[in-house]
Amino acid sequence: MKIREIELPGIGQKFEVITRNNEKVVIVIHDDGRREIYHFDTDHEESVSSVTFNDSESRQIAAILGGMVYKPQALETIEMAFEGLAIEWFKVEPGATSIGKTIGEIDVRSNYNVTVIAILKRNMRKQLSPGPESVIEAGDTVVISGERQQLKKLIKEILTNERGD
Amino acid sequence: MDHLVLEVGTALVLVAIAALLAGKFNFSIIPFLIILGMLVGPHAPKFAVIDLRFIESEEIISFLGRIGVLFLLFYLGLEFSIKKLIKSGRSIFTGGTIYILINFGLGLLYAWIMGFPLLEILIIAGIITISSSAIVAKVLVDLRRTGNKETELILGIIMFEDIFLAVYLSVVSGLVLGNAASLMGALTSILIALGYMLLFFIVARKATPILNRLLDISSNEIFIIVVFASLFFIAGFSETIHVAEAIGALLLGLVFSETEHSDRIEQLVVPFRDFFGAIFFFSFGLSIDPFTLGGAIWLTLGAVILTILGNFIAGMIAGRRAGLSHKASTNIGLTIVSRGEFSIIMANLGIAGGLMPVLKPFSALYVLILAILGPLLTRESKNIYKFLDKTFKWSQKTSKVRDPASG
C-alpha cells in the first residue's frame, strides 16, 4: 500500500492511498475537524463516491477499522445478532466430537436449545433445514441459531477440536 | 441626539441579513455585502429612527472596515510561509510562475491599451491577477473536490499568488503612497518599501527565539492585548513611512508566523478577520455610488473576459505540464478565476493614494461579476470540459497516444 501525504493550504491535510489491489482512496482531514473519504474509479481520475464524517464519527470509524471495537476472528465466523438471538456460521474443525454423527444423535435441539439452519458441505452443496438424519462431516460449515451463550457452548463442546490435535 | 450606536447596529443587522442570504444560496458573502453597501448610503431613504443613509456613522463604519483590512492581511501573513512553498515542489512553482506571467502580463497590457497612467496600470494589473483565496477554498470544499488531483496544484497556485501579492502590494504601496513624481522619488519609495520588508524578514529569521519568549503568555486576555497592540501600532507606524498600513499588518503576520505561537494567534484572529472583514466589504460598497457603475461597465466586461481567458489558459498549461489530464487541467483555470477580497484591497490602495476614481466602480463591478461567475464556472467545469472537448478533441488524442497500434 502506498500513502502520499500532501498539505492543502487553507483547507487541511490530504492522504492519498493506493492499495495493493490498485484502488485509490483519498482521505482529507479538514482544519475544522471534518474528514472526507473519496473513492476513485479504476483509472484514478475521478472520485466515484465520497463520505463525510465529523470528528467524533471519524474516531469511532477509526476504532472499527483499527480492530479496537470488534476483532475479526477466523474468516468463517461471521456473526449476526438480534437482541439475544444470534446466527453463526462455523466451520467444523477436524477432530471435533460431532464429526460422523447425525444431528439426531447429537440431539442439538434438546441438549443445547439450538437449531441447525443449514449445513454447507465442502463442495459448496447446501443442505437447508437439515433433518435429524443429516451427518456432520469435517470441513462442513454449519449455520446455527440460538442464544449466544448456547451457541458458544455448542461450538466449544462439539464443533471445535478441544484436545487441540 | 446621537444615534451612532443605532446606526452602526443597523448596518450590522443589514450585514447579518446579507450574510444569512449568502449562506442560504451557498455563495461567498463578499458580493452580497458589496451590493448591500451600494444599495444603502446617502441616496437611501430614512425611516423614522432607522437611517439607511449612514451619514453620521460613515466615518466609523469605514474605520471598522479599515481594521478589517488589517486583519485580512495579518492573517495572510500568518499563513504565508516560504518553507511551505519550497516544500511544495516544482510543478507548483512552474504553475504559479506561468499563472502570474500570463495574467499579470495581460493585466498590464489591458490597462495600458485602455490608456491609463502608470500607477493606475499597476493597480489594475494587480486587481486582475490575484484570485480570492477565500472563495476558491470554499468552492473546493463545497463541491467536494478537495480529494481531486488538480486541487493540490490549484491551492499551490493560490499560495504562490499570495506571496506575489505580498511583495507586489509592498512595492506598489511604496509607489502610490510615496513620492512618485520623479524617477528618483519613485526609486526611493520602492527601496524604502523593500528595505522595510527586508527588515521584517530579518526580524522573522533572527529574532524568533526572543519573540517566542515575549509571546509566551499563558493568559489569553493578556496575549490578545499584546498581539493586537503590536498589530495596530506597527500597521499605523508603517503609514508614516509611506508603506500602506495593510502591508505593516501583513509583514507583522509574517514575523509571527515564524514563532511557535503562530497557531494560537491564527485561531485568535480568525473571528476578528471574519467580522471586521465583513464590515470592510460592506463599507467598500457603501463608498460606491451605484450610479457611477455604468461608466465602468465596458472596461469591466473587457477585464472579466480577459481574466477568464487568461486563467483558463494558464490553468491548462500548468495542469498539462504537471502531468494532469485535460479534464483536470480545465478545472484549474475555472476554479482560480474567482476574485474577491484581495482585488478590493488592491483597489482600495489606489483610492487611498488618490488615483483615478474610476478604479472604485471598476473594481466593485469586476469583483461582483467574478465572485458570482467564478464559482458558477467551477461548478459547471464538467460541462465546459465536454463542450471544449468536442471542439478540440482532447480525449481522442489522449486515447491515441495510449494505444498507438490503433492510430
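Every chain's residues receive numbers from 1 upward, in the order its sequence appears when written. By the order in which they are written, chains take letters starting at A while ligands take numbers starting at 1. Reporting of local features is limited, given that this is a predicted model, to residues whose pLDDT is at least 70; pairs of side-chain atoms are given and counted only at 80 or more, and all residues count toward the totals for whole chains, interfaces and linings. Think of the side-chain values as coming from all heavy atoms in the structure, minus any hydrogens and water.

Asker: Before we move on, can you summarise the pattern of salt bridges with the specific residues and values?
Answerer: When a carboxyl oxygen of Asp or Glu lies within 4 Å of a side-chain nitrogen of Lys or Arg, that pair is called a salt bridge. Summed over all chains, the structure comprises 15 salt bridges over all chains. Among the salt bridges present, the one from Glu16(A) reaches Arg4(A), with a minimum N-O distance of 3.4 Å. Remark: Arg4(A) occurs in strand β1 (residues 2-8) and Glu16(A) occurs in strand β2 (residues 12-18); sequence separation between them is 12 residues. Any residue under 20% of the maximum accessible area for its type is buried, any over 50% is exposed, and the rest in between are partly exposed; the area is computed with a 1.4 Å probe on protein chains only. Note on Glu16(A): relative accessible area 10%, which makes it buried. Owing to a relative accessible area of 40%, Arg4(A) belongs among the partly exposed residues under this scheme. If you follow the salt bridges from partner to partner, you end up with Arg4(A), Lys14(A), Glu16(A), Lys24(A) and Glu152(B) in one network. Helix and strand assignments come from DSSP, with helices taken as H or I runs of at least 4 residues and strands as E runs of at least 2, each series counted from the N terminus.

Asker: I'd like a rundown of the packing of aromatic side chains, residues and numbers included.
Answerer: Residue and element names in this part refer to chain B. A pair of Phe, Tyr and Trp rings is counted when the ring centres sit within 6.5 Å of each other, with Trp represented by its six-membered ring. The angle between the planes then sorts it: under 30 degrees is stacked, over 60 is edge-to-face, the rest tilted. All told, the structure shown has 20 aromatic pairs over all chains when counted by the stated rule. Pairing Phe25 with Phe32 gives two aromatic rings, centres 6.4 Å apart and planes at 20°, and the pair type is stacked. For Phe32, a relative accessible area of 21% gives the class partly exposed. Ring plane angle 70° and centroid distance 5.4 Å describe the contact between Phe104 and Phe164, whose orientation is recorded as edge-to-face. On the criterion of sequence distance, the pair formed by Phe104 in helix α5 (residues 90-113) and Phe164 in helix α8 (residues 149-177) is long-range, its members being 60 residues apart. Site record: aromatic cluster; members linked through ring pairs are Phe71, Phe228, Phe232, Phe272, Phe275 and Phe276. Over the ring of Phe223 we find Arg264; its NZ or CZ atom is 3.8 Å from the centre of that ring. Counting as a charge over the ring demands two things of the Lys NZ or Arg CZ atom: a distance within 6 Å of the ring centre and an angle within 35 degrees of the ring normal.

Asker: Explain the side chain of Ser338(B) to me, using residue names and the numbers behind them.
Answerer: Tracing the backbone shows Ser338(B) in the loop between α15 (326-335) and α16 (341-352). The class of Ser338(B) is buried, set by a relative accessible area of 1%.

Asker: Explain the sheet that holds strand β5 (residues 47-53) of chain A residue by residue, including any values.
Answerer: Strand pairing in a sheet relies on backbone hydrogen bonds, with the paired strands running either antiparallel or parallel. Any two strands are treated as partners once DSSP identifies two or more bridges connecting them. Taken in spatial order, the 5 strands make up an open sheet running β1-β2-β3-β4-β5 (chain A), and their pairing is antiparallel. The outermost strands of the open sheet, each flanked by one partner alone, are β1 and β5 of chain A. Across this sheet, the average inter-strand angle for adjacent strands is 15°, counted without regard to direction. Across 5 bridges, the pairing between strand β3 (residues 24-30) of chain A and strand β4 (residues 35-40) of chain A is antiparallel. Residue pairing for β4(A): Ile27(A) is matched across the bridge by Ile37(A). Two residues qualify as a contact provided that any one of their heavy atoms is within 4.5 Å of a heavy atom in the partner residue. For helices, the fitted axis covers only the stretch in contact; all axes are lines through C-alpha atoms, and the angles between them, taken along N-to-C directions, range from 0 to 180 degrees. Docked against the sheet, α8(B) engages β1, β2 and β3 of chain A, running at close to 30° with respect to β1(A).

Asker: Let's hear about the interface of chain A and chain B: which residues, and what values?
Answerer: Listed as interface residues are 23 residues of chain A and, on the opposing side, 18 residues of chain B. Buried area: the sum, over both parts, of the accessible surface (1.4 Å probe) that disappears when the two are put together. Between chain A and chain B lies a buried interface of about 1700 Å² when both sides are counted; carbon and sulfur atoms form 48% of it. Applying the counting criterion to the chain A and chain B interface returns 5 salt bridges. In this structure, the salt-bridge partner of Lys382(B) is Glu46(A), at a minimum N-O distance of 3.2 Å. Elements supplying a minimum of two residues to the side of chain A that touches chain B: β1, β2, β3, β4 and β5 of chain A. Across the side of chain A that touches chain B, the residue classes tally to 9 nonpolar, 5 polar and 9 charged. Only Asp, Glu, Lys and Arg are considered charged, only Ala, Val, Leu, Ile, Met, Phe, Trp, Tyr, Cys and Pro nonpolar, and every remaining residue, Gly among them, polar.

Asker: Summarise the packing of helix α14 (residues 297-321) of chain B against α15(B); cite the residues concerned and give the values.
Answerer: Residues and elements named next belong to chain B. Between α14 and α15, the least distance of the axes is 7 Å, while the angle of their chain directions is 140°. Relative to α15, the element α14 lies oblique. Handedness of the crossing formed by α14 with α15: right-handed. Packed against α14, whose contacting residues are Asn311, Phe312, Gly315, Met316, Gly319 and Arg320, the element α15 presents His326, Ser329, Thr330, Ile332, Gly333 and Leu334 at the interface. Throughout this description, any angle smaller than 35 degrees is read as roughly parallel, any larger than 145 degrees as roughly antiparallel, any in the 65 to 115 degree range as roughly perpendicular, and the remainder as oblique. By convention the crossing between two helices is left-handed if the near helix lies anticlockwise of the far one by an angle smaller than a right angle, and right-handed if it lies clockwise.

Asker: I'd like a rundown of helix α4 (residues 148-159) of chain A, residues and numbers included.
Answerer: Residue and element names in this part refer to chain A. Considered for burial, the residues of α4 that qualify are Leu151, Leu154, Ile155, Ile158 and Leu159. All buried residues of α4 fall inside an arc of 110° around its axis, so they share one side. The outward face of α4, more than 90 degrees from its buried face, is lined by the exposed residues Gln149, Lys152 and Lys156. On its buried face, α4 sits against β7 (85-91), α2 (103-106), α3 (108-112) and β10 (141-147). An arc is given here, and it is the one of the directions from the helix axis to the C-beta atoms.

Asker: Got a sec to walk through the nonpolar core? Specific residues and values, please.
Answerer: Counting 144 residues, the largest nonpolar core has Phe54(B), Leu73(B), Phe74(B), Ile123(B), Phe256(B), Ile265(B) and Phe282(B) as the members making the most contacts within it. In terms of residue count, the dominant contributor to this core is α8(B) (17 residues). Setting aside its immediate chain neighbours within four residues, Leu73(B) contacts Leu169(B), Ala246(B), Ala249(B), Leu250(B), Phe342(B) and Ile345(B). Grouped together as the second largest cluster of nonpolar side chains are 19 residues, Ala96(A), Tyr112(A), Val114(A) and Val142(A) included. The criterion is simple. A nonpolar core is a set of buried Ala, Val, Leu, Ile, Met, Phe, Trp, Tyr and Cys residues joined through side-chain atoms within 4.5 Å.

Asker: Which residues make up a nonpolar patch on the surface, and what values go with them?
Answerer: Residue and element names in this part refer to chain B. On the surface, Ile35, Leu39, Ile372, Leu373 and Leu376 cluster together into a nonpolar patch covering about 390 Å² of accessible area. The set of elements that each furnish at least two residues to the nonpolar patch consists of α2 (29-39) and α17 (359-379). For the nonpolar patch, the element with the most residues is α17, which contributes 3 residues. For Ile35, the location among the structural elements is in helix α2. Residue classification places Ile35 among the partly exposed residues on the basis of a relative accessible area of 36%. A patch consists of residues exposed above 30% relative accessible area that lack any salt bridge, with like charges linked at up to 9 Å and nonpolar side chains (Val, Leu, Ile, Met, Phe, Trp, Tyr) linked at up to 5 Å. Method for areas: the Shrake-Rupley scheme with a 1.4 Å probe, in which residue coverage is limited to the protein chains shown.

Asker: Give a description of the layout of surface pockets that names residues and reports values.
Answerer: Which parts of space are left empty comes out when a probe the size of a water molecule is rolled across the atoms. Using a 1 Å grid laid over the protein atoms alone, points where a 1.4 Å probe fits but cannot get out form a cavity; open sets with protein on both sides within 12 Å along at least 5 of 7 lines form a pocket; any residue with an atom within 4 Å of a point counts as lining. Grid points are joined across faces, edges and corners, and a volume is the space filled by probe spheres set on the points. Roughly 1600 Å³ of volume is contained in the largest pocket. Gly10(A), Tyr75(B), Glu79(B), Glu266(B) and Arg273(B) are, among the 48 residues lining the largest pocket, the residues nearest its centre. Considering every element that reaches the lining of the largest pocket, the biggest residue donor is helix α13 (residues 262-286) of chain B, with 10 residues. Taken together, the residues of the lining of the largest pocket break down into 22 nonpolar, 11 polar and 15 charged.

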